[in-house]
Amino acid sequence: MLDALKLMTTIELAHAGDCALLGLDREGYVYVEELYGEHDWLAQHKISTSAGLLETVDERCGMAPAPAPLPLPALLARPSKVKVFDHLNYTGARWRGRMVDERIVELLRDLSVAEKIDLVDYLDWEIDPLRLLGIAESTVLSCCAYFDGEYLVCRRIRLAYRVPAGQRDDHSLDCDYDSIEVHLLHRLPADALELPDLRECLTDLDLCRPLDCMTVDRKLYLADGGEGDIKSALHIFEIETSGDWEQKKTETVKALDPD
């Protein structure tokens with residue numbers, strides 16, 4: 001649960017690929033870059049939280065090759081490059097194949113039935129939850145300080161699931177399992193030695209593929225990758241404290257009972 005996050009604004013970017021934060025300058029402008037298309041074309045943006053995209057350099061799918069990078073001023077903050085949770089990353093089974101040949105049961109991280117049910121519901125995925133086999137890969141892509149002793153993480157997982165008999169992969173070979181990627185934004189203790197129950201990692205925030213994050217002055221800056229018709233975006237959240245919650249509670253009580 002990420003109840004402390006209050007969305008302040010969302011700025012849509014130019015493409016539907018990967019994106020990353022470059023930093024925040026002293027005037028409050030945010031710098032973001034995108035990689036998009038089959039050839040990883042580059043676009044970089046200077047963003048105003050009120051006016052949106054102010055300046056952009058873009059390879060435009062190769063029509064403007066090798067543009068000069070967007071000039072970066074002295075930055076007040078950059079996303080952290082410290083790999084706090086590398087010890088929690090793992091890669092197991094191949095993307096698809098035959099379960100017997102791949103010894104897939106030995107390679108996957110198990111999911112409880114409750115996790116499978118909640119995950120399928122979260123993804124709005126029309127599949128029998130019992131077809132989910134487990135987690136084949138998990139990688140923390142980015143992290144930033146949240147509350148004392150706690151981080152927010154952008155995490156990518158790959159789920160393996162059974163497919164109907166007779167399905168073939170890209171090389172026309174029979175396969176009975178395939179994979180799907182899911183991107184998550186969730187909390188982790190700074191001293192975490194294991195990953196939490198997957199149900200604790202599902203949020204009701206409207207995100208597509210959270211890829212990069214940083215926190216500055218009680219604000220979360222989140223680079224959210226696009227997919228299909230959904231363009232990448234920069235989301236900015238206010239991080240509310242327990243004092244904020246108590247104030248809201250008091251205001252609510254007064255509104256309901258002014259006497």
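A.B. asks: Would you take a moment to explain the pairing of strand S8 (residues 132-145) for this structure?
C.D. replies: In regular strands, side chains alternate between the two faces of the sheet. Extensive coverage of S8 is indicated by the burial of 12 of its 14 residues. With 2 bridges connecting them, strand S7 (residues 90-91) and S8 associate as antiparallel partners. Counted as the bridge partner of Tyr90 is Ser138 from S8. Looking at chain direction, S8 and strand S9 (residues 150-162) are connected through 11 bridges and run antiparallel. Bridge pairing in S9 links Glu137 to Arg158. Taking the residues that link successive antiparallel strands as the turn, the S8-S9 hairpin has 4 residues, and the phi of Gly149 there is positive, at about 75 degrees.

A.B. asks: Explain the sheet that holds S9 to me, please; I cannot follow it from the model alone.
C.D. replies: The strands making up a sheet are joined through hydrogen bonds of the backbone, oriented either antiparallel or parallel. Across the sheet, which stays open at both edges, the 4 strands sit in the order S7-S8-S9-S10 with antiparallel pairing between neighbours. Strands at the two margins of the open sheet, each flanked by one partner only, are S7 and strand S10 (177-189). Packed onto the sheet, helix H3 (residues 113-123) meets S8, S9 and S10 and runs at close to 65 degrees relative to S8.

A.B. asks: Hey, could you run me through unusual backbone geometry in this one?
C.D. replies: With the exception of glycine, most residues fall at negative phi, and the peptide bonds are largely trans. Although it is not a glycine, Cys61 sits at a positive phi angle of roughly 55 degrees. Structurally, the position occupied by Cys61 is in the loop between strand S5 (52-58) and strand S6 (75-77). Although it is not a glycine, Arg103 adopts a positive phi angle of roughly 50 degrees. The topology assignment puts Arg103 in the loop between helix H1 (99-102) and helix H2 (104-107). Take Arg103: its relative accessible area is 49%, and that puts it in the partly exposed class.

About the cut-offs
Along every chain, residues carry numbers that run from 1 in the direction the sequence is written. In view of the model being predicted, local features appear only for residues whose pLDDT reaches at least 70, and side-chain atom pairs are presented and counted only at 80 or more, with totals across whole chains, interfaces and linings using the full set of residues. No hydrogens and no water enter the side-chain calculation; it runs on all heavy atoms of the structure. Any residue under 20% of the maximum accessible area for its type is buried, any over 50% is exposed, and the rest in between are partly exposed; the area is computed with a 1.4 Å probe on protein chains only. Each helix is a run of H or I in the DSSP string that is no shorter than four residues. Each strand is a run of E no shorter than two, and both are numbered from the N terminus. Only strands that DSSP links by at least two bridges are regarded as paired with each other. Note on definitions: a residue-residue contact is assigned when non-hydrogen atoms from the two residues lie within 4.5 Å. Structural elements are reduced to axes, namely lines fitted to C-alpha atoms, with helices fitted over the stretch in contact, and the angle between N-to-C directions of any two is expressed from 0 to 180 degrees.

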